[in-house]
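# Fold and contact review
This is what each chain is made of:
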Amino acid sequence: MKRFLSLIVVLLFALVAEAKITVQLFTHAPVQEYVFTSWGHSELRVLDDEEGTDVLYSYGVFSFDDVTKFVYNFVKGDTDYMVEAKHCSFGDAIDRVTSRKKVDLRVQTLDLTQQEAKKLKDALAENAGQEGWTYRYNFFYDNCATRPRMMMENYTGAKFDYQFQNVNRKSYRKIIHEMLSDMPWYAFGIDICLGRPCDEVPNDSLLMFLPANMAEQFALASISDSLGTRSLVSEDRVYNPLVYRSWEDVSLPSPMVAFWVFFALVVLHCQFYARKKIKDTWFDFCFFGLYGLLGVLVFFLQFISTHPCVCPNFNIFWANPLLLLFPIFIMFRCRREMLIYLHCMNIFMLVPALLIYFYPDVQEFNGAFLPIIFASLVRSYFQVSIYVDEKKKLKNNI
């Protein structure tokens, strides 16, 4: 009996001794299903055997409770996001990614001392436990991937080499295009909103804004203490490697095709109305009104929004808010000469836009911008040429 009790005591002590805090980095592979899933995702898992808790901490969580307010704040740059704590088992966490998202999940177990793991756990719990706690999210510099790195550096003393081997150096814009290769309309919209800074080539540390790159750096990182230097990652495993799903919608042509068709229709419209000598001010009302509204967005992002990488934005040359004067002048029946002056202004603004397109060192324009610029140029040119011809005929008759 005494031996049995002694064995029980020994086993209990062994269980207590083995109770520990385990920290893992979860890296979701990118999936081109939604624009916000195209980059992948990073989470920190904290398993505490003693407390019996298993929590996934995810930075960059936002709420759609008030959609109007959220959209306005996002455009303005007030992207105050939260950290979410999900209580779930390891199996549920794996299944959530591999079965629902149908992509692979890279799990890296971190080689932390219990003191380091507890400091990290307490810091994560404090962030998630504070009601209303938010941080200013930034897609390039402070996102779901960079936050785990920052937490590791601040609370465990982990050192990252910030070195990437065999990496083809690309600008932020080219990286975005690669990640959105099957979502060209999203890439098109992003190219309108992001300006010259997006064409900069990020250095090694800034490349870590992508979760996959962050996981690579975790694998290379180390921790130094009184006992020496050890690798940050003790185990690295990939679950359910699959071919990534792509977002597909065969009903939508690419922006390039759509806007070259748009350009052709604008040319045909101008020729038809010029030959028939029919007034089509309604066309300018709609045509330049849309350009002007787009210009308002570019102007707002460039001069009012606090987003990085949006200023300067040379799309302002062709997406110009001053083009809203067209529908205003037409609505108030201003003299035709006023509209001609606006057309001349538009032609003058489109010249540098074309130069920038063909010399991308200034700012790289999306390929679909060219037919949009040409369409605006053709429309203004037709209107000015018709006005000049009418003036010449009138002068000759006199």
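Preceding this paragraph is the structure being described.
Let me begin by describing the structure that accompanies this report. (Residues numbered from 1 in each chain as written. Predicted model: local features only at pLDDT ≥ 70, side-chain atom pairs only at ≥ 80, totals over all residues. Heavy atoms only, no water.)

## Here's the deal with the sheet that holds strand β8 (residues 222-225)
- The sheet built from three strands is open, its strands ordered β7-β8-β9 with antiparallel pairing. One side of each edge strand has no neighbouring strand; the edge strands of this open sheet are β7 (158-159) and β9 (228-231).
- Bridging between β7 and β8 involves two bridges; their strand directions are antiparallel. Across the sheet, residue Ala-158 finds its bridge partner in β8, namely Ile-223. (Pairing = 2+ DSSP bridges. Helix = DSSP H or I, 4+ residues; strand = E, 2+ residues; numbered from the N terminus.)

## Notes on the environment of Lys-20
- Considering the arrangement of structural elements, one finds Lys-20 in the loop between α1 (2-18) and β1 (21-28).
- Of the residues examined, Lys-20 reaches a relative accessible area of 42% and is grouped as partly exposed.
- Among residues more than four places away in sequence, those in contact with Lys-20 are Leu-47, Asp-48, Asp-49 and Gln-114. (Buried < 20%, exposed > 50% of the residue type's maximum accessible area, 1.4 Å probe, protein only. Contact = heavy atoms within 4.5 Å.)

## Considerations on the pattern of salt bridges
- Counted by the stated rule, this structure contains 18 salt bridges.
- Bridged by salt links that share partners, the residues Asp-48, Glu-51 and Lys-121 form one connected network. (Salt bridge = Lys/Arg side-chain N within 4 Å of Asp/Glu carboxyl O.)

## Considering the sheet that holds strand β6 (residues 135-136)
- Strand order in this open sheet of seven strands is β6-β4-β3-β2-β1-β5-β10, and the pairing throughout is antiparallel. Here the strands that pair on one side only, and so sit at the sheet edges, are β6 and β10 (233-239).

## Here's the deal with the layout of surface pockets
- Taken as a whole, the second largest pocket encloses approximately 760 Å³ of empty space.
- Taken together, 25 residues make up the lining of the second largest pocket; nearest its centre are Lys-279, Arg-336, Gln-383, Ile-386 and Glu-390.
- Elements represented by at least two residues in the lining of the second largest pocket include exactly α9 (255-276), α10 (281-303), α12 (336-358) and α13 (369-397).
- If you tally residues by element for the lining of the second largest pocket, the top one is α13, at eight residues.
- Split into classes, the residues belonging to the lining of the second largest pocket amount to 10 nonpolar, five polar and 10 charged. (1 Å grid on protein atoms, 1.4 Å probe; cavity = no way out; pocket = protein on both sides within 12 Å on 5 of 7 lines; lining within 4 Å. Points joined across faces, edges and corners; volume = space filled by probe spheres on them. Nonpolar A, V, L, I, M, F, W, Y, C, P; charged D, E, K, R; others polar.)

## Here's the deal with the side chain of Thr-156
- Within the secondary structure, Thr-156 sits in helix α5 (residues 146-156).
- Here Met-152 takes part through its backbone oxygen, which lies 2.5 Å from a polar atom of the side chain of Thr-156.
- A polar atom in the side chain of Thr-156 sits 3.3 Å from the backbone nitrogen of Ala-158. (Polar contact = N/O pair within 3.5 Å; in protein donor to acceptor, adjacent residues only side chain to side chain.)

## Details of the packing of aromatic side chains
- Counted according to the given criterion, the structure contains 35 aromatic pairs.
- With a centroid separation of 5.0 Å and an interplanar angle of 70°, the aromatic rings of Phe-139 and Phe-140 are classed as edge-to-face.
- A relative accessible area of 24% places Phe-139 in the partly exposed class.
- With centroids separated by 5.7 Å and ring planes inclined at 90°, the aromatic side chains of Trp-282 and Phe-283 adopt a geometry described as edge-to-face.
- Residue Trp-282 is classed as partly exposed on the basis of its relative accessible area of 46%.
- For Phe-283, a relative accessible area of 13% gives the class buried. (Phe/Tyr/Trp six-rings, centres within 6.5 Å; stacked < 30°, edge-to-face > 60°.)

## Quick look at the packing of helix α4 (residues 114-129) against α5
- Direction vectors running N to C along α4 and α5 enclose 130°, while the axes themselves pass 9 Å from each other. Classified by the interaxial angle, the pair formed by α4 and α5 is oblique. Between α4 and α5 lies a crossing of right-handed hand. Mapping the contact onto sequence places Glu-116, Lys-119, Leu-120, Ala-123, Leu-124 and Asn-127 in α4 and Met-151, Met-152, Tyr-155 and Thr-156 in α5.
- Here the contact of α4 with α5 is composed, by residue class, of six nonpolar, two polar and two charged. (Axes fitted to C-alpha atoms, helices over the stretch in contact; angles between N-to-C directions. Parallel < 35°, antiparallel > 145°, perpendicular 65-115°, else oblique. Left-handed = near helix turned anticlockwise from the far one by under 90°.)

## Comments concerning helix α7 (residues 184-193)
- Turning to α7, its buried residues are Ala-187, Phe-188, Asp-191 and Ile-192. In a view along the axis of α7, the buried residues occupy a sector of 145°, so they form one face of it.
- Elements in contact with the buried residues of α7: α6 (172-179), α9, α10 and α13. (Arc of directions from axis to C-beta.)

## Quick look at the pairing of strand β2 (residues 41-48)
- With respect to burial, β2 is a largely interior element, seven of its eight residues being buried.
- For β1 and β2, the ladder comprises eight bridges, and the chain directions are antiparallel. From the neighbouring strand, Thr-27 faces β2, where its bridge partner is Ser-42.
- One ladder, built from five bridges, connects β2 with strand β3 (residues 53-61); its direction is antiparallel. The partner of Leu-47 across the bridge, within β3, is Asp-54.
- Here β2 folds back onto β3 in antiparallel fashion, the turn holding four residues, of which Gly-52 has a positive phi close to 70°.

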